[in-house]
Amino acid sequence: MVQVLSFNNASLEREGNTLVNNLNWLVTSDQRWIILGANGAGKTSVLDLAAAWDVPTSGHVTVLDEDLTSADPEWLRPRVGFASSSMSKRIPATETVEDAVVTAAYAAAERRGEEYDELDLRRARRVLNEWRLGDLANRTVLSLSEGEAKRLQIARSIMTDPELLLLDEPTAALDLGSREEILQMLGFFAGNPSAPAIVMVTHHVEEIPLGFTHVLLMKNGSAAYAGPLATTLTSENLSDVFGVKVTVFNNAGRYSAQATL
Ligand SMILES: Nc1ncnc2c1ncn2[C@@H]1O[C@H](COP(=O)(O)OP(=O)(O)OP(=O)(O)O)[C@@H](O)[C@H]1O
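Residues numbered from 1 in each chain as written. Predicted model: local features only at pLDDT ≥ 70, side-chain atom pairs only at ≥ 80, totals over all residues.

**What to know about helix 6 (residues 146–158)**
Now for step 1: The end-to-end C-alpha distance of helix 6 is 19 Å, a good match for the 18 Å that 13 residues give at a rise of 1.5 Å each.
Now for step 2: Every buried residue belonging to helix 6 is among Lys150, Arg151, Leu152, Gln153, Ile154, Ala155, Arg156, Ser157 and Ile158, and all of these are buried. (Helix = DSSP H or I, 4+ residues; strand = E, 2+ residues; numbered from the N terminus. Expected span 1.5 Å × (residues − 1). Buried ≥ 20, exposed ≤ 12 C-beta atoms within 10 Å, placed from the backbone.)

Structure below.
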């Protein structure tokens with residue numbers, strides 16, 4: 001299997017704070033990872049490094065065979081899909097849904113009257129249909145519901161056929177139906193052997209889609225536990241990283257957790 005991400009004693013410091021602390025972590029192309037951890041554990045900082053939006057202060061991070069300390073981020077970033085609320089804020093609210101997806105092929109956040117390749121337009125329409133946005137193609141980004149906007153973030157991030165897909169809380173703040181719809185679509189996507197390696201940050205074990213294989217449990221910027229979901233997402237490990245006694249349940253591959261306070 002091809003290695004797509006490697007953190008070797010990687011640390012990230014900002015304004016005297018240690019956001020990522022001597023992290024060691026490997027991801028291969030066949031794996032789909034969940035990152036879990038308490039608020040401030042460093043999850044988003046790890047995604048920023050994996051997306052080549054940041055460079056480690058010490059140690060090494062290798063993304064798709066490129067060491068971030070020497071890589072050209074402009075060349076590397078289009079190879080990584082990154083779906084997050086902060087990325088989507090860069091898309092103008094008046095952009096149409098279709099344009100918001102097709103511009104991803106050119107690593108631009110806004111369509112400025114460029115002529116797009118028929119091939120890109122066709123791919124954009126396919127991606128829009130796959131993420132149930134086909135009927136909304138001519139609507140403005142502003143008019144979308146939270147659930148539709150989350151699906152648009154994902155559609156945009158996979159438009160370039162990335163070798164690594166990063167998802168930052170793709171189901172945060174959604175109602176039950178919208179959350180389950182996205183989890184089902186992500187599970188279907190993740191279960192396809194030709195899908196890229198995926199790393200998804202979430203706050204809740206209930207939001208782990210089927211088809212995900214591994215979990216990184218973060219504490220104070222480091223990997224407290226990392227490995228296959230079935231053996232790593234245990235009551236003991238989750239209790240340790242969240243600092244409360246938790247019982248984890250596994251119902252046919254979907255997880256839930258309950259604290260004993
Ligand atoms: N630019 C910065 N300067 C200083 N400290 C920062 C900066 N950005 C983040 N931090 C701190 O680094 C820590 C890790 O932040 P990060 O956003 O990566 O955590 P997180 O696990 O994603 O948190 P959350 O679950 O709340 O989103 C936090 O304590 C945060 O306050």
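**Considerations on the site of the ligand**
Now for step 1: All residues adjacent to the ligand are Arg14, Glu15, Asn17, Leu19, Gly37, Asn39, Gly40, Ala41, Gly42, Lys43, Thr44 and Ser45.
Now for step 2: Secondary-structure elements contributing two or more residues to the shell around the ligand are strand 2 (17–28) and helix 1 (43–50).
Now for step 3: A total of 3 residues in the shell around the ligand trace back to one element, the largest contributor, which is helix 1.
Now for step 4: In terms of residue class, the shell around the ligand is made up of 2 nonpolar, 7 polar and 3 charged. (Near = placed C-beta within 6 Å. Nonpolar A, V, L, I, M, F, W, Y, C, P; charged D, E, K, R; others polar.)

**Notes on the pairing of strand 4 (residues 58–63)**
Now for step 1: Note: strand 1 (residues 3–14) against strand 4, 5 bridges, orientation antiparallel. The partner of phenylalanine 7 across the bridge, within strand 4, is valine 61.
Now for step 2: The pairing of strand 4 with strand 5 (residues 66–67) spans 2 bridges and is antiparallel. Bridged to valine 63 within strand 5 is glutamate 66. (Pairing = 2+ DSSP bridges.)

**Looking at the nonpolar core**
Now for step 1: The biggest cluster of nonpolar side chains holds 67 residues, and the ones touching the most others in it are Ile35, Ala50, Val101, Ala155, Leu166 and Val199.
Now for step 2: Sequence-distant contacts of alanine 155, that is, excluding residues within four places in its chain, are made with Val101, Val127, Leu128, Trp131 and Leu133. (Core = buried A, V, L, I, M, F, W, Y, C linked by C-beta atoms within 7 Å. Contact = placed C-beta atoms within 7 Å.)

**A few points about the environment of glutamate 207**
Now for step 1: Following the sequence through the fold, glutamate 207 ends up in the loop between strand 8 (197–201) and strand 9 (214–219).
Now for step 2: For glutamate 207, a count of 23 C-beta atoms within 10 Å puts it in the buried group.
Now for step 3: In the structure, glutamate 207 is positioned 36 residues away from threonine 171 in sequence and 7.2 Å away in space, judged by C-alpha atoms.

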